Amino acid sequence: MAIDYPIYEHDVLVVGAGGAGLRAAIEASAAGVSVGLVCKSLLGKAHTVMAEGGIAAALANVDARDNWKVHFADTMRGGQYVNNWRMAQIHAQEAPARVRELEAWGAVFDRTADGRILQRNFGGHKYPRLAHVGDRTGLELIRTLQDYGIHRGISVYMERTVFRLLKDGERIAGAVAYDRERGRFLVFRAKAVVLATGGVGRAYKITSNSWEYTGDGHTLAYDAGAELIDMEFVQFHPTGMVWPPSVRGILVTEGVRGEGGVLRNNRGERFMFQDIPDNYKAQTAENEEEGFLYVLGEKYQGRDARRPPELLTRDHVARCIVREVKQGRGSPHGGVFLELQSFSQWYGRRVKNFNAAEHWKKKLPSMYHQFKELAGLDITREPMEVGPTTHYIMGGVRVDSDTQMSRIPGLFACGECAAGINGANRLGGNSLSDLLVLGKRAGEHAARYAQQHTSLPTIDAAQVEEAMRWALAPFERTHGENPFQLQQELQELMQNLVGIVRREDEMLRALEGIELLRRRAQQVAVSGNREYNPGWHTALDLHSLLTVSEAITRAALLRKESRGAQFREDYPRKDSANYGKVNTVVAKGPDGRMQVRFEPIPPMPQELLDIIREENGGQLPEELRY
Amino acid sequence: MPQILFRIWRGDRHGGQFRDYQVEIGEGMVVLDAIHQLQATQAPDLACRWNCKAGKCGSCAAEVNGIPRLMCMTRISDFPPDQPIIVEPMQTFPLIKDLVTDVSWNYQVKQRIAPFRPRPPDAPDGTWRMSQADIDRVQEFRKCIECFLCQDVCHVLRDHHKHEEFIGPRFFVHTAALEMHPLDTENRIAALKRDFHIGYCNITKCCTKVCPEQITITDNAIIPLKERVVDEFYDPVLKLIQLVFRPRRSSSVPAPSSSPHPQSAPTLSSASATTSAPVSPSSP
């Protein structure tokens with residue numbers, strides 16, 4: 001079979017043009033190398049636009065006590081200490097500079113009274129730390145990077161899907177892609193490849209993620225021989241829309257709770273006050289009054305007000321909501337209520353002529369719009385119905401903490417498809433800062449790697465042809481299964497068997513189901529031609545979705561404890577003695593089968609331990625006692 | 001479940017026709033849900049762009065019953081159930097397939113507009129000070145999700161096909177966001193007149209009407225820009241002064257940025273507009 005394909009050459013090829021990919025491409029380009037940026041959608045449409053709340057960075061504009069050390073400690077506590085501490089350190093140290101840089105590139109953040117970048121409260125962050133633009137921070141971030149990046153000499157390849165990485169011996173050599181529009185193949189030859197493909201949310205039925213989130217980068221790296229870590233940690237955001245059915249899963253920003261939104265069950269109880277984990281008790285408000293004062297940044301009984309329980313970490317809030325629903329205290333459509341009226345009433349008693357409608361429209365414009373348009377509901381007057389939605393994966397490609405390079409020479413990863421910084425649970429706001437900090441580093445080190453390797457790698461025509469034959473196979477079957485049907489079955493399976501609450505027997509069934517679906521996926525057929533054919537695209541995505549689903553399930557089975565985003569009904573307690581100092585590692589074995597194992601986390605150096613101890617009331621958590 | 005008739009444009013650059021599909025309607029469904037249902041059941045090769053399905057990315061722009069809208073934010077219950085819902089691609093851009101059009105022209109236009117060039121930082125730590133009141137207007141413009149519905153409805157582009165001369169409402173909003181940015185020092189007024197032909201806009205406000213982000217495009221962006229053009233080029237007092245002193249003209253060519261990265265020539269390619277040529281075509 002002879003297939004024509006063009007070959008495009010770049011020093012650095014970046015796959016994915018969300019925040020991380022754009023930031024990596026800008027940095028690589030600044031180093032003077034030739035950069036190609038490939039994306040599945042149009043430029044500026046990536047999932048980063050959905051980020052609402054803000055970018056976490058210890059700028060200390062609102063609370064002068066904030067600094068990188070507190071941000072570091074917050075991130076580690078949120079991740080239950082299985083994070084890569086070096087990444088968490090770099091992230092906390094460099095995030096402020098990355099945010100200021102965005103402003104220099106044209107971003108327009110909301111302001112403090114003295115004209116600096118305003119910061120807001122968010123779950124798990126000790127001080128107001130999230131630089132934001134209303135509730136559309138992600139759009140501001142991606143548009144700023146896009147508008148800056150298009151003047152940097154980066155070659156952008158829009159609407160192309162990379163489906164295979166190429167290697168030259170051990171070294172990365174490039175990638176094979178198809179253009180979505182015409183269905184033609186193209187090959188990239190590159191000294192370094194940066195994966196920035198985002199997450200895996202489309203493996204689940206209820207998700208806040210777009211169609212693009214099919215685990216491409218995870219799977220490309222895994223297939224090429226890289227390792228994945230922490231795959232069991234899938235973040236279910238506590239507040240997605242639940243009604244009407246067609247919008248189920250769409251995100252309701254944590255900013256709603258950060259601005260005073262309150263969760264209630266169908267008895268009107270503020271149930272979050274009833275279940276506050278021990279390690280957060282000292283930081284949580286004792287009553288409604290204190291919680292609301294925290295929102296305003298005011299004092300309560302002479303000391304700083306502590307945050308309301310709605311702002312506990314996402315894993316905990318999501319599980320509390322699931323419990324309320326399971327025990328019959330949910331809202332009519334299987335969620336709980338999230339309401340702004342309590343804060344409005346309380347605030348209205350303090351401030352004369354408080355206009356609640358105007359206040360909320362200004363604070364939460366896109367949430368107002370979203371509920372008004374999609375649910376016909378006015379959030380300034382009526383409670384929302386919310387429930388957990390698959391939002392983010394902490395797990396991903398295992399990379400070096402300083403360079404973002406995987407174990408494959410020349411293959412880098414950053415953003416959601418890379419792992420390490422978030423541990424068992426990501427704090428809201430840390431993903432946008434992660435994109436910027438580690439995206440920049442990935443671009444910088446990919447460029448350096450390319451500069452150190454003067455010769456271009458060789459493209460192996462056999463590898464290319466094999467990949468293309470694989471991609472065309474669904475067209476050759478006249479009778480076969482509908483790829484959409486398989487995708488839907490996988491989503492149901494993952495939702496029901498490897499969701500928020502997990503059990504060994506269910507996950508073993510999930511593994512069998514995944515294996516069965518994998519066999520059926522080899523028999524899918526697509527109709528029509530190669531031009532902009534969603535059926536074909538979905539058929540090819542199945543491979544990635546199945547790979548990440550298996551990785552999530554196998555890692556979740558191995559970790560026989562509950563920690564962060566992983567909740568095991570059969571092992572409901574945290575077991576730090578056995579699992580507090582290890583990461584799960586997934587890799588392809590010599591026989592082609594998926595292997596999963598534990599690997600110890602290197603001990604934290606003394607200066608970082610001192611920070612944790614100080615921020616943890618003088619004590620070290622069990623995970624860090626050596 | 002109730003059914004509604006959808007009449008959807010099927011075709012490519014060579015031609016096409018409307019085709020009818022019955023869609024089962026559930027509560028709260030939007031037009032994009034109907035398209036997805038059709039892809040999964042009756043028409044797996046029905047092409048449509050979408051991403052967020054929450055009105056935030058601007059990918060699923062199309063014309064529903066003749067009105068440019070985001071399919072993800074158009075509720076089916078807003079239409080009479082006994083009449084077909086007609087869905088067709090945006091008319092201002094070349095058709096690729098079904099509901100997908102080639103919008104790459106917009107990306108090329110943006111590259112012609114001089115980028116942000118900030119004044120030197122206000123504080124020794126490299127930061128600036130801006131008051132919220134001074135950025136409210138710019139933040140309105142920066143809500144734009146680049147769905148290009150305003151471009152689609154603009155008669156200068158849609159009916160008169162002035163794509164070569166006119167940049168359209170989206171990019172007047174973009175230019176306004178730059179021009180009204182408190183930190184920006186670039187001047188794009190001459191380019192607005194000479195290269196982007198803002199004068200072609202006769203403020204019919206169709207763009208404002210279709211904007212899903214409710215940006216007041218005409219009143220807040222285009223008219224103030226027109227006023228700036230008038231001030232610079234048609235002010236009689238200024239004209240008199242200019243007779244005596246030679247005028248200083250601004251440029252639309254990107255000027256060196258004060259940011260840390262050097263400028264270099266832009267390249268951008270989409271599937272339909274490939275500017276970076278392949279280096280070695282091969283057919284193994």
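See above for the structure.
Below you will find a few notes about this structure. Keep in mind that this is a model prediction, so the values were computed, not measured. Counting starts from 1 at the beginning of each chain's written sequence and moves along it residue by residue. Chains carry letters from A onward and ligands carry numbers from 1 onward, assigned in written order. At least 70 in pLDDT is required for a residue's local features to be given in this predicted model, at least 80 for side-chain atom pairs to be given and counted, and no such filter applies to totals for whole chains, interfaces and linings, which use all residues. The basis for every side-chain value is the complete set of non-hydrogen atoms in the structure, without hydrogens or water.

What follows deals with the overall build of chain B. When helices and strands are counted, chain B shows 10 helices and 7 strands. Each residue is assigned to one of three classes by its accessible area relative to the maximum for its type, calculated with a 1.4 Å probe on protein chains only: buried under 20%, partly exposed between the two thresholds, exposed over 50%. Split into buried and exposed, the 284 residues of chain B put 55% on the buried side. Residue pairs in contact within chain B that sit at least 24 positions apart in sequence constitute 61% of those at least 6 positions apart. Total accessible area on chain B is roughly 12300 Å²; 55% of this is exposed by carbon and sulfur atoms. Strands here mean DSSP runs of E at least two residues long; helices mean DSSP runs of H or I at least four residues long; both are numbered from the N terminus. The contact criterion used throughout is that any non-hydrogen atoms of two residues lie within 4.5 Å. Note on areas: these come from Shrake-Rupley sampling with a 1.4 Å probe, and a residue is covered only by the protein chains present in the view.

A few words on the overall build of chain A. From N to C terminus, chain A includes 19 helices and 22 strands. Based on C-alpha atoms, the radius of gyration is set beside the globule rule, defined as 2.2 Å times the residue count to the power 0.38. Its C-alpha atoms give chain A a radius of gyration of 24 Å, near enough to 25 Å, the size a compact globule of 626 residues would have. The principal-axis extent of the C-alpha atoms belonging to chain A is close to 75 × 50 × 50 Å. Residues counted as buried form 70% of the 626 residues belonging to chain A. Sequence separation of 24 or more characterises 73% of the internal contacts of chain A that already satisfy a separation of 6 or more. About 19600 Å² of surface is accessible on chain A, with carbon and sulfur atoms providing 47% of the total. This count recognises Lys and Arg as positive and Asp and Glu as negative, with His and chain-terminal groups excluded. The atoms used to mark charge sites are NZ of Lys, CZ of Arg, CG of Asp and CD of Glu. Measuring between centres, the 79 positive side-chain charges of chain A sit 2 Å from its 79 negative side-chain charges.

So, on to the interface of chain A and chain B. Taken residue by residue, the interface counts 86 residues in chain A and 83 residues in chain B. When chain A packs against chain B, close to 7000 Å² is buried across both sides, 52% of that on carbon and sulfur atoms. Counted as salt bridges are all cases of a side-chain nitrogen of Lys or Arg within 4 Å of a carboxyl oxygen of Asp or Glu. Linking chain A with chain B are 7 salt bridges, by the criterion used here. Between Glu531 of chain A and Arg13 of chain B there is a salt bridge, with its nearest N and O atoms 3.6 Å apart. Polar contacts, as counted here, are pairs of nitrogen or oxygen atoms within 3.5 Å of one another; within protein the pair requires one atom able to donate a hydrogen and one able to accept it, and residues that are adjacent in sequence qualify only if both atoms are side-chain atoms. Here chain A and chain B share 38 residue pairs in polar contact (both at pLDDT 80 or more) between them. For the side of chain A that touches chain B, the secondary-structure elements that each account for two or more residues are β1 (7-15), α1 (19-30), α3 (85-104), α4 (137-149), β6 (155-157), α12 (365-375), α14 (461-476) and α17 (534-558) of chain A. Class assignment of the residues belonging to the side of chain A that touches chain B gives a composition of 38 nonpolar, 20 polar and 28 charged. By definition, the buried area sums, over both parts, the 1.4 Å-probe accessible area that each loses when the two are put together. Charged means Asp, Glu, Lys or Arg here, nonpolar means Ala, Val, Leu, Ile, Met, Phe, Trp, Tyr, Cys or Pro, and polar covers whatever is left, Gly included.

Take the sheet that holds strand β3 (residues 55-56) of chain A next. Residues and elements named next belong to chain A. Taken in spatial order, the 3 strands of this open sheet run β3-β5-β4, and their pairing is antiparallel. A single partner strand is all that each edge strand has here, and the edge strands are β3 and β4 (119-120). A pair of strands counts as paired when DSSP detects no fewer than two bridges linking them. Relative to strand β5 (residues 130-131), β4 runs antiparallel, the two being bridged by 2 bridges. By the bridge assignment, Gln119 is partnered in β5 with Ala131.

With that settled, the discussion passes to the packing of aromatic side chains. The description of two aromatic rings rests on the distance between their centres and on the angle between their planes. Aromatic rings from Phe, Tyr and Trp, with only the six-membered ring used for Trp, were paired whenever their centres fell within 6.5 Å, and each pair was classed as stacked if the ring planes differed by under 30 degrees, edge-to-face if by over 60, and tilted otherwise. The full count for this structure, using the stated rule, is 25 aromatic pairs over all chains. Summarising the aromatic geometry, the rings of Phe412 of chain A and Tyr449 of chain A are spaced 6.1 Å apart at their centres and angled 75 degrees between planes, so their arrangement reads as edge-to-face. Within this pair, whereas Phe412 of chain A is found in strand β18 (residues 411-413), its partner Tyr449 of chain A is found in helix α13 (residues 430-452), the two being separated by 37 residues in sequence. Comparing Phe412 of chain A with Tyr449 of chain A shows no difference in burial state: the two are buried. Ring geometry for Trp9 of chain B versus Phe18 of chain B: centroids 5.2 Å apart, planes at 80 degrees, classification edge-to-face.

Moving on, we get to α14 of chain A. Residues and elements named next belong to chain A. Under the 1.5 Å per step criterion, the end-to-end length of α14 is 22 Å for 16 residues, consistent within 8% with the ideal 22 Å. Largest kink in α14: about 30 degrees, centred on Trp470, with the proline Pro474 one to four residues after it. Within α14 the residues assigned to the buried category are Val464, Glu465, Ala467, Met468, Ala471, Leu472 and Pro474. The opening residue of α14, the one whose side-chain oxygen lies 3.0 Å from the backbone nitrogen of Ala462, is Asp460. Expected span of a helix: the number of residues minus one, times 1.5 Å. Two axes are fitted around each residue, one to the seven residues ending there and one to the seven starting there, and the angle between them is reported as the bend at that residue.

A few words on the environment of Asp570 of chain A. Residues and elements named next belong to chain A. Inspection of the secondary structure puts Asp570 in the loop between β20 (567-568) and α18 (576-579). The partly exposed category is assigned to Asp570, whose relative accessible area is 31%. Ignoring anything within four residues of it in the chain, the contact list for Asp570 reads Arg502, Arg503 and Glu504. Of note is the side chain of Asp570, whose polar atom sits 2.8 Å from the backbone nitrogen of Glu504. Only 2.9 Å separates the side chain of Asp570 from the side chain of Arg568, close enough to count as a polar contact.

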